[in-house]
Amino acid sequence: MRRHSSYWAFAVHRASGLLLGIFLPIHLWVLSTIITGASDSSGSLDWANNPWVKFGEGGVAMLLAAHLTGGLRLLAIEFLPWGDWQKTAIAVACGVSLMIALSYLLRAF
Amino acid sequence: MTKAQVLDVSVWRGGVSGEFVAYRVPRHDNQTVLDVVTYIQRHLDPTLSYRFACRVGVCGSCAMTVNGSPKWTCRTHVERVANGHRLSLSPLRNLPVIKDLVVDMRTFFTKWRRARGYFISAGTREDAFARVRPDSAQRRQADKGIECINCAVCYAACDVVSWKPDYLGPAALNRVWTLINDARDEHRDLHLAAVASDDGCLGCHGQQACLQHCPMGLNPAAGIAGLKRTVALAALRGEL
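Numbers given for residues are sequential positions, taken from 1 along each chain in its written order. In the order they appear in the text, chains get letters beginning with A and ligands get numbers beginning with 1. Thresholds applied to this predicted model are a pLDDT of at least 70 for local features of residues and 80 or more for the giving and counting of side-chain atom pairs; totals over whole chains, interfaces and linings are not thresholded and use all residues. The side-chain values count all of the structure's non-hydrogen atoms but skip hydrogen atoms and water molecules.

1. Side note on the interface of chain B and chain A
It is common to report an interface's size as the accessible area lost on association of the parts.
Working step 1: A contact between two residues is defined here by any heavy atoms of the two lying within 4.5 Å. Each partner contributes residues to the interface: chain B has 23 residues there, and chain A has 15 residues.
Working step 2: Accessible area that two parts lose when put together, with a 1.4 Å probe and added across both, is what the buried area reports. Interface area, chain B with chain A, both sides summed: about 1,500 Å², of which 57% is carbon and sulfur.
Working step 3: Of all residues in chain B, Q207, Q208 and R229 of chain B give up the largest surface area on contact with chain A, accounting jointly for 31% of the area buried on that side.
Working step 4: We define a salt bridge as a contact between a side-chain nitrogen of Lys or Arg and a carboxyl oxygen of Asp or Glu at a distance within 4 Å. Our count for the contact surface shared by chain B and chain A stands at 2 salt bridges.

In structure tokens form, the structure reads like this:
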């Protein structure tokens, strides 16, 4: 019943939104502690240079891109006339998300 | 009978609580799922309850869950859905079970009324026939959704209905979309107000199970997207 591309697009959009909802407050808190000097900024930066953390950040970039492109797909469905480009839109959203994540990782290393 | 000539059919027996009961049914060419259920009732267990009327895909009454997916059974061939020689039959999801394969459709039809999924006009029989151009853009939109047979397959397939029991569902919203595009209907505003909420078109998550499962090949998802667009424009104009 759920084995079709639109359901998967929905699931990815929902999961990426929830994960970003968890990540973003932590991300902003770390940034604020560094900016206000409440923590040892060099320690935080060392931690951020760990390759595993960089991979994790690549994943976060992917989540962000997936949520953005998935949202654009939804807006296109709801505000443009219905067309047979639905699966193409999902494929483009996946491709763009992957490209953004890989670009991030290339730059990070 | 050899294994290939027999279907192993599990059928839900009981109400909300019950169990799957196994039956062995002879297999034939061009056999529909409704033929299977009818065989069980006529030859194996006359107490089995199920619903059907036309047998030809018009009345929309024979829908049930077949191997996990909601389907109309009168036009679903066993050959296309059987898992080898196994078939599992249960009542439609998202509707209360009365007995065996029969569900209570009241919620489904009540939601059509709540969505104002009915024609509203002040016209009388004394008025002349309305002239509607079949090739007008509005009529073409309405035509895409009017063949709904109220089988509730889309309603059973929709996860949003499972999560939010007050959600109007794809069939009722599709009906409202056809009315909004009906040039003869005089209360577009009332239809729109009835569906402009989280329980209406705004609650749809775009999973498109309705489009995947509609036996008539309709696209309620496109109708709901059209409703969202119309609601957004009406809200911007201050009409809602």
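2. Looking at the domain arrangement of chain B
Residue and element names in this part refer to chain B.
Working step 1: The domain boundaries here were taken from an automatic or database domain assignment. Each assigned domain of chain B is listed with its residue range as follows: domain 1 (6-102) and domain 2 (105-237).
Working step 2: On a C-alpha basis, the centres of domain 1 and domain 2 stand 29 Å from each other.
Working step 3: With 15 residues of domain 1 at the interface, the matching set in domain 2 holds 18 residues.
Working step 4: Both faces considered, domain 1 and domain 2 share a buried interface measuring about 1,300 Å² in area, 60% of it formed by carbon and sulfur atoms.

3. Some points on the packing of helix α7 (residues 170-180) of chain B against helix α8 (residues 188-195) of chain B
All names here are of chain B.
Working step 1: Fitted lines through C-alpha atoms serve as axes, helices being fitted only where they are in contact, and the angles separating the N-to-C directions of these axes extend from 0 to 180 degrees. Here a helix means four or more residues in a row that DSSP labels H or I, a strand means two or more in a row labelled E, and each is numbered from the N terminus. Interaxial distance between α7 and α8 falls to 10 Å at its minimum, and their mutual angle equals 155°. When the interaxial angle is binned, α7 and α8 end up roughly antiparallel. Taken as a pair, α7 and α8 cross one another with a handedness that is left-handed. Facing α7, whose interface residues are L173, V176, L179 and I180, α8 presents R188, H191, L192 and V195. Any angle between 65 and 115 degrees counts as roughly perpendicular, while under 35 counts as roughly parallel, over 145 as roughly antiparallel, and the rest as oblique. Crossing handedness follows the turn of the near helix against the far one: under a right angle anticlockwise gives a left-handed crossing, and clockwise gives a right-handed one.

4. What to know about the packing of aromatic side chains
Residues and elements named next belong to chain B.
Working step 1: Under the pairing criterion, centres of Phe, Tyr and Trp rings, with the six-membered ring standing for Trp, must be within 6.5 Å; the plane angle then separates stacked pairs below 30 degrees from edge-to-face pairs above 60, leaving the rest tilted. Enumeration according to the criterion identifies 8 aromatic pairs over all chains in this entry.
Working step 2: Here W12 and F20 contribute two aromatic rings whose centre-to-centre distance is 5.3 Å and whose plane-to-plane angle is 75°, an arrangement assigned as edge-to-face.
Working step 3: For the exposure calls, accessible area comes from a 1.4 Å probe over protein chains only, and a residue counts as buried if that area is under 20% of its type's maximum, exposed if over 50%, partly exposed in between. Overall, the relative accessible area of 16% leaves W12 in the buried class.
Working step 4: Looking at F20, the relative accessible area reads 42%, which means it is partly exposed.
Working step 5: Residues F108 and Y155 carry aromatic rings whose centres are separated by 5.4 Å and whose planes lie at 80° to one another, so their mutual orientation is edge-to-face. Of this pair, F108 sits in helix α3 (residues 106-114) while Y155 is found in helix α5 (residues 153-157), placing the two residues 47 residues apart along the sequence. Comparing F108 with Y155 shows no difference in burial state: the two are buried.
Working step 6: An aromatic cluster is defined as three or more aromatic residues linked by ring pairs; in this entry it consists of F108, F109, W112 and Y155.
Working step 7: To sit over a ring, a charge needs its Lys NZ or Arg CZ within 6 Å of the ring centre and within 35 degrees of the ring normal. The ring of Y118 has R113 lying over it, and the distance from NZ or CZ to the ring centre is 4.3 Å.

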